[in-house]
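Structural description and commentary
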Amino acid sequence: QVQLVESGGGLVQAGGSLRVSCAASGGTFSSYGMGWFRQAPGKEREFVAAIGWNGGTTQYADSVKGRFTISRDNAKKLVFLQMNSLKPEDTAVYYCAAASLAGWRVRNPPSYNYWGQGTQVTVSS
């Protein structure tokens with residue numbers, strides 16, 4: 001069993017930066033692929049970014065590519081999402097999730113086994 005807790009959300013002006021973190025406990029962190037998803041009011045949860053077990057592979061949604069960077073620290077059981085050049089449309093609750101590597105479909109929420117409770121990111125115009 002893996003527990004995930006996000007932190008670092010908040011209010012930021014458009015064009016600003018924010019880094020959200022996800023702390024994991026339980027399980028073997030390095031055996032999981034990690035992803036970030038977000039959900040805005042009235043919208044479905046959408047894929048943002050994902051990172052492989054050793055950080056060697058990453059994927060991004062087209063909407064954040066070049067602005068967001070995902071990284072992980074397996075020794076500290078942390079995963080980060082650095083968000084730069086934020087836009088009002090980035091406003092959402094951001095969730096981190098962990099997926100068993102076998103059969104992991106990176107952009108597919110049901111493929112993830114564990115989820116955090118989310119952290120709110122609000123970007124003002």
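The shown structure was predicted, so the numbers you read here are calculated from the model rather than taken from an experiment.

Pairing is antiparallel across the open sheet formed by four strands, whose spatial order is 1-3-8-7. Of all the strands in the sheet, the pair left with one neighbour each is strand 1 (3-7) and strand 7 (68-73). Across this sheet, the average inter-strand angle for adjacent strands is 15 degrees, counted without regard to direction. Relative to strand 3 (residues 18-25), strand 1 runs antiparallel, the two sharing five bridges. The partner of V5 across the bridge, within strand 3, is A23.

Bringing the nonpolar core into the picture now. One finds L4, M34, W36, L81, M83 and Y94 to be the most contacted residues of the largest nonpolar core, which totals 39 residues. Of all elements in the fold, only strand 3, strand 4 (32-39), strand 5 (46-51), strand 7, strand 8 (78-83), strand 9 (92-100) and strand 11 (119-124) reach the threshold of two or more residues within this core. Looking at this core element by element, the count peaks at six residues for strand 9.

Scoring rules and cut-offs
- Throughout, a residue's number is its position along its own chain's written sequence, starting from 1.
- Per-residue local features are limited, in this predicted model, to residues with pLDDT of at least 70; the limit for side-chain atom pairs, both in listing and counting, is 80 or more; totals at the level of whole chains, interfaces and linings are taken over all residues.
- Water and hydrogen atoms were dropped before computing side-chain values, which therefore reflect all heavy atoms in the structure.
- We treat two strands as partners when DSSP finds at least two bridges between them.
- To qualify as a helix, a DSSP run of H or I must reach at least 4 residues; to qualify as a strand, a run of E must reach at least 2; elements of each kind are numbered from the N terminus.
- With axes taken as lines fitted to C-alpha atoms, and helix axes fitted only over the stretch in contact, angles between N-to-C directions fall between 0 and 180 degrees.
- What makes a nonpolar core is a set of buried Ala, Val, Leu, Ile, Met, Phe, Trp, Tyr and Cys residues whose side-chain atoms join them at distances within 4.5 Å.
- Residue burial is assigned from relative accessible area. The probe radius is 1.4 Å, only protein chains are included, and a residue is buried under 20% of its type maximum, exposed over 50%, and partly exposed in between.

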